[in-house]
Structures are given as structure tokens and as C-alpha cells.
Amino acid sequence: MGHYITIATCNLNQWALDFEGNRDRIVASIVEAKRQGAKLRVGPELEICGYGCLDHFAENDLYDHSLEIYGQILSNPETHDILLDIGIPIIHKSIKYNCRIISYNGKILLIRPKVYLANDGNYREMRYFTPWNRPKYYEDYQLPKFIAKITGQSKVTFGDCIVETLETRLGCETCEELFTPQSPHIAMALDGVEIFTNSSGSHHELRKLDTRLQLITEATKKCGGVYLYANQKGCDGDRLYYDGCACIIVNGDLVAQGSQFSLQDVEVISATIDLDDVRSYRNQKSASNQAVNQTTTFKAIETGIELSPTSHLFNPNVVPTNIRPIRYHLPEEEIALGPACWLWDYLRRSKCGGYFLPLSGGIDSCATAVIVHSMCRLVVESIDDPQVLSDIQSLTQDSTFVPKTPQEIAGRLFYTSFMGTENSSNETRSRAKDLAEKVGSYHVDLNMDNLVSSVISLFEVATGKRPIFKIFGGSQTENLALQNIQARLRMVLSYLFAQLLPWTRGKSSAGLLVLGSANVDECLRGYLTKYDCSSADINPIGGISKTDLKRFIAWAEVNFKLPILHDFLTAVPTAELEPITKDYVQSDEIDMGMTYDELSRFGRLRKVDKCGPLAMFIKLYHEWSQPPHNLTAEQVAVKVKRFWFFYAINRHKMTTMTPAYHAEQYSPDDNRFDLRPFLINPRFPFASKKIDEIVKEINERNIEIENNNVSVE
């Protein structure tokens, strides 16, 4: 006999510490889940307070506020008649836990603390919380008086338990627990749990969604069951963009999937499933033998709740949801959508007057401008959403503004400027102007030679020395100083224009947010001037490689119908900080002493593969000694040593880098993702000696092989 149940999960755009706003979005998701006929609603991890509260989790106020907001949700009649799984931080016996509360009709059934915490990469949960770390163990939790008054309960169960309804068993798994070798869903499945809920706070990284969805689908492909995955979506006040993708899986097959990127604050997906499908799928003798051999079982919270009314069996309109393929975005689409959504959240929540971008005519600032254009496109596409319309009218201070094109939005919220000098080419100036016209930004084209000359003259008056560029006979020290003057003055001008440009147009008194355009490879290598235009308020491309940015621009040229982007793709990357002569044009890759492709490889080996100089050399020798590279051991050693030298001498720059959208696994972000000292011996003397020894041994072996071959001949 069939047991048909409609269940729902969601993506919520929660904001750290926005307790009332978070409450309203939670209630809206519950109301929508009920409208879709669901009997179970699952929400994201720590959805009451927002996942990204960081060290605010140390404040007792946060826990008091969270419980007070939870009490308001419990007592709201709109949240009744549906089983709720809500993420919240809880203090139990003076210890702080990351928890889920399962409730029904204003009664708390279970508080389930997170057993295994995420504590690497961008995650520092053990800085704030203690893992429960005691599978199947539980205690009583004394409810605060104001919650007890709402629920009519004094104590509830706190621990690693499951919930039992009239038809089935449900178990909770929270985010990181899915990624552990001994995931809780395995033991739960062997103890009869058929529905698994997972509240998550997972952020976006390029090309990583398939890893997450593979784990989610495999969870029930092996054990059988129904898996509901909920996630936060949006920027909740930090470098991360939580990329939603709530989904429902049955026996390893996807039946519902939410969006990965959108401007929608509340997105609920639902599916109707038949529990008999799970029971048929689990007809495996070896699994049954493991189940009956379990020495301990989970405490089951008996509820008497009916999730599958008998009437469903006779209702022809109750139909199980069909299997569908998993939807993935291309990496180029991820770059177009993720940072754009992040920029929109940051702008509307900061309530600034828009964005200002120094537009150099190069591909990096071009990519930033195109991402802002993508943001404007998303706003136009979502303008029927009342929240999006309210936000754009608030930002423009125009209650009648209903944009029809991305350019209309850019004309009010996006400002660009080409800050040229005598070292700038006509080509870059022209590209910047043409791109600004196509995306619709308010563009300022200026020359700042008099400003540069004034600073140099001031130095000459003060010291009696006038620096000159290297190509005119100056030293390397003079050459770098003259380049840095230009770069740093652009930063000063950027903030001046960001503060005053709206005022010159009679617009909002709110200033603009300055956008940075340093890519992840240049940050890693330190190929930028400290406190130049890389110093900004936020940077949408700071976690994206040059290679991926070029692919994105090629994609946007076609999909955004911007043929001007072809000129950016074919231009040689240059900082244009040195004079252009008949025989010399500054080139980024020549200046750096390595290509952008090489930089990306160095970055992945350093961070993702956790290689030091020696391990990196060994790996690259095996890779680059083969076609198409065909490098000798000496050549590989030179490249590796050069990378580590410049990485070390420039690491101090990472301590001041603009907060950037996290998109890449090898990001050198010094805030909390990539923690390293910033005073390092750049020669890495011991590792260098070991590399030299290996190179010597390789050469000796090669000579021996050659001599043997000659002898044979």
C-alpha cells in the first residue's frame, strides 16, 4: 500500500544578525511550503541568526535573541500543521551548540546538536561551537521560561535522536556531517530512518557543485531513502556567497532542485514521494543483516503525527514527483551569476548609492564591469519580485522607477572612470569608453598627469633628486616608485570620485562603493601595488583566475551580446605604468616572469595540494618535463623558486587586500581562508638546497643514461 507524503525544503537569503528579517523569511517559507501541500519543511543551517555571524557567536545576546525569535515563529498560527526543522544556536549547560529544532504545532519535539563541525577552509565552527560528538546520546534540556510558556513544556530531549511519525522515521544530518567518512545517515538508515533532512550553510566555489550533489545523491543511492537538502543563498555579510541549490533526492535520484543563483529571497521546492519506493529499494539482504546486528539504536521521539493521510491513497491528484536530471551551470555562467548576486546583496543591504569602478581598458576591470552589467540584467529579469522592485526603488530613491533594460539601472547606480596618464594608450582609453557606453555606466574620462607631476616635483623639491624611468636610464628602484605613484594616486582619486560623483549629478547623498579588480593570480604573486586600485571596498573577481576571467569574457561577448569584449580578449595584458616607446610596451607576464596559466598551477599546488617548494618542484618536474612543456629540471627549479620568492616578499600585501568574492580553492585571502605569516625568508634556503640536490641527481642520471646509450651503439 502506498504512503504518499509531500515534503518541502528551501533556499533562504538570510543575513547575519538580521533577526526579524530572518524570521519573516522563515515564516514566508513555511507558508509557501504549506501552500504547496507539504507536511514537512526543512530550512538552512543557523537560519534564525544567519550562518555567517562569526565571532558574534561568542555573545550570549545572540542566543537569547535567537530563542526569542524562535518563540515568535512557534507561536505564529501560520506555522502550525506542518512538521518544522529550523536551524538555531543553543546554549546547553553553558556550552554553545549549533542545533536544529524539530517542532510541530507549537511543540518542540527534539533539539538535535551538530555532531561533527566544519573547521577547515572558510569554516571555523569549532571557534564558536562544541561538537556533540556523542552519537545516539541524549539528555534533557530545560527550556527557558518564556519558551516554556509558549510550548507548555518544561523540558525537551536534546541529543542525537530521531523522530517517529505514524508512517515513518526522520533523522537529521547537518551540512559537514554529510562530508564525513562515517556520516550519520548510514547508522540512521540501518535503524529504519527513511527521511533524512540536511540543513546546510554551503558556499559557492567554481566547479564544486557536482561534488556536493554527488555526496547527496550517493547518500540514498547506497542506503535508500529520501534526502532533503536546504541551504542558505546569498551574501549574508561576508566574502562568501551561499549558493542555494536546495534539492530532494529519492533513492539516489533527483526529484526537485532549487536555483543556485537568483535574487529571490525565499525559494521553496517540494515533491510528493511514496515511502513504499524506499522500502522496495532497501530490499537488500546484506543491509538487513547489518541493521539487525546494530548493538545500539537511536532514541525515537514518538509523535503521533500523520504525514500521509489515508485520503492520499484514494486521491488521483496525489502523484509522486518524477525524476529529473541535475542542473549545473557552466563555469562561465557561475562567474556571471554568483558575483553578480553577491554584489546585489551587498549594495541593497549597505544602502549605498551604487558602485564606482576605475576602468583601465584591461580585461580585469572589464570583467568587473561585465559582472555589474550581469547584476543589472538579473534585476531587470526579477523585477516582478516585489522585494527586488522595492530594493531598486529604494536604492535609486525613485518610487516610480521600473527599469526595462540593464542600462537604465547602470545609468543610476554604476559609475566608471578612465584615469589616464602619458603612459596610457589610445587603445585602452577607447576600449574603456566604448564598454562604459555599452553597459550604460556614467563614465568620466580624465588625465591625471598634472597630479603625478606635482607629486614628483614635490619629492624633487624636498630631496633635490628627480627619479626617472628605467628605459630612460633610471634604476629599478626609481622605476618602481614612479609606477607606484600613478597606481596609488588612482586609489585616492577613486575614493574622491566615489564620494562626490553622485553629488555632481544631483543624485543621492549616499556615496558609492569602490570596486577592485585584482584577480586571484595577481594577488597570489603580489603583482599589484599596495594601496593602489586593488584597494577598494569589495572585489567581485578577487577569487577568480585570469584564465577563467578570459573564458568568462568570451562567453559574455556572445551571451550578453557585447561584441566590444572581443577587443579586450585580444589585447596584451599591461599595467601601462611605464612609458610606451617604439621598442617597448609593458607586459604583465613578462613583468611577472611567469604566465597566468603557470600561476594558476602554482596556486593549486600550494593551497589545494598543500605543497611546499620541494613537493611542488617534484610534481612539476614530472608534469613539465613532458610535452608540450619539455622543460629541464633546471628550468622547472628556476620557475618554482621564482614563484616562491615573489610569493614570500609580497605576502604582506595580502593583509590589506580588499574583501573579495570567494570563488577559487587556491585563493590567498588572508582573512580566514589562507592563514600564513607575512614575513617569510623568500629564498626558502633548506628547500632550495634539497631542490638543487635533486636537480643534480637527475642530471647525473641523465648523463649516465646517455653514456649507456652511446656504449650500446
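Further up the page is the structure itself.
The structure contained in this document is the topic of the report that follows.

Reading guide: rules and limits
Every chain's residues receive numbers from 1 upward, in the order its sequence appears when written. For this predicted model, a pLDDT threshold of at least 70 governs which residues receive local features, and a threshold of 80 or more governs which side-chain atom pairs are given and counted, while totals over whole chains, interfaces and linings are taken from all residues. To obtain the side-chain values, all non-hydrogen atoms of the structure were used and water was disregarded. The secondary structure listing takes helices from DSSP runs of H or I that are at least 4 residues long and strands from runs of E that are at least 2 residues long, numbered from the N terminus. To estimate how far a helix should reach, multiply one less than its number of residues by 1.5 Å. In this text, buried Ala, Val, Leu, Ile, Met, Phe, Trp, Tyr and Cys residues form a nonpolar core when linked through side-chain atoms within 4.5 Å. Only protein chains enter the calculation, and the probe is 1.4 Å; a residue is then buried if its accessible area is under 20% of its type maximum, exposed if over 50%, and partly exposed in between. Think of it this way: DSSP has to see at least two bridges between two strands before they count as a pair. Axes here mean lines fitted to C-alpha atoms, for a helix over just the part in contact, with angles spanning 0 to 180 degrees between N-to-C directions. Geometric relationships in this document are graded by angle, where less than 35 degrees denotes roughly parallel, more than 145 denotes roughly antiparallel, 65 to 115 denotes roughly perpendicular, and other angles denote oblique. Definitions for this section: a left-handed crossing has its near helix turned counterclockwise from the far helix by less than a right angle. A right-handed crossing has that turn clockwise. Contacts are assigned to residue pairs with any non-hydrogen atoms lying within 4.5 Å of each other. Put simply, Ala, Val, Leu, Ile, Met, Phe, Trp, Tyr, Cys and Pro go in the nonpolar bin, Asp, Glu, Lys and Arg in the charged bin, and everything else, Gly too, in the polar bin. Note on definitions: salt bridges are taken to be side-chain nitrogens of Lys or Arg within 4 Å of carboxyl oxygens of Asp or Glu.

### Here we look at helix α19 (residues 546-559)
Within an α-helix, residues lying three or four positions from one another point in the same direction, as the helix has 3.6 residues per turn.
At step 1: The first and last C-alpha atoms of α19 sit 20 Å apart over 14 residues, in line with the 20 Å expected at 1.5 Å per residue.
At step 2: Lys561 lies just past α19 and shows a positive phi near 55 degrees.

### A few points about the nonpolar core
At step 1: Within the largest apolar cluster, 61 residues are counted, with the highest numbers of intra-cluster contacts made by Leu343, Tyr355, Met375, Leu435, Phe552 and Leu565.
At step 2: Looking at this core element by element, the count peaks at 12 residues for helix α12 (residues 363-381).
At step 3: One finds Cys10, Ala38, Tyr128 and Val156 within the second-largest nonpolar core, a separate group that totals 50 residues.

### Here we look at the pairing of strand β5 (residues 107-113)
At step 1: In terms of burial, β5 is largely enclosed, as six of its seven residues are buried.
At step 2: One ladder, built from six bridges, connects strand β4 (residues 95-104) with β5; its direction is antiparallel. The residue of β5 that forms the bridge with Ile102 is Leu110.
At step 3: Hairpin remark: β4 followed by β5, antiparallel, with two residues in the connecting loop; positive phi at Asn105, about 50 degrees.

### Points about the packing of helix α22 (residues 596-607) against helix α23 (residues 613-624)
At step 1: At their nearest, the axes of α22 and α23 sit 11 Å apart, and the two run at 135 degrees to each other. Here α22 is positioned oblique relative to α23, judged by the angle of their axes. By crossing handedness, the relation of α22 to α23 is classed as right-handed. The segment α22 lies against α23, with Glu598, Arg601, Phe602, Leu605 and Arg606 engaging Met616, Lys619, Leu620, Glu623 and Trp624.
At step 2: A per-class count over the contact of α22 with α23 returns five nonpolar, no polar and five charged.

### Examining the pattern of salt bridges
At step 1: In the structure shown here, the tally under the stated rule is 42 salt bridges.
At step 2: With a shortest N-O distance of 3.2 Å, Lys93 and Glu139 are connected by a salt bridge. With Lys93 in the loop between β3 (83-92) and β4 and Glu139 in strand β6 (residues 138-142), this residue pair connects regions lying 46 residues apart in the sequence.
At step 3: A relative accessible area of 57% means that Lys93 is categorised as exposed.
At step 4: Among the residues examined, Glu139 registers a relative accessible area of 13% and is labelled buried.
At step 5: When salt bridges with common partners are traced through the structure, they connect Arg606, Lys607, Arg651, Asp670, Asp674 and Arg676 into a single cluster.

Note that all results are geometric; they support no functional claim without further evidence.
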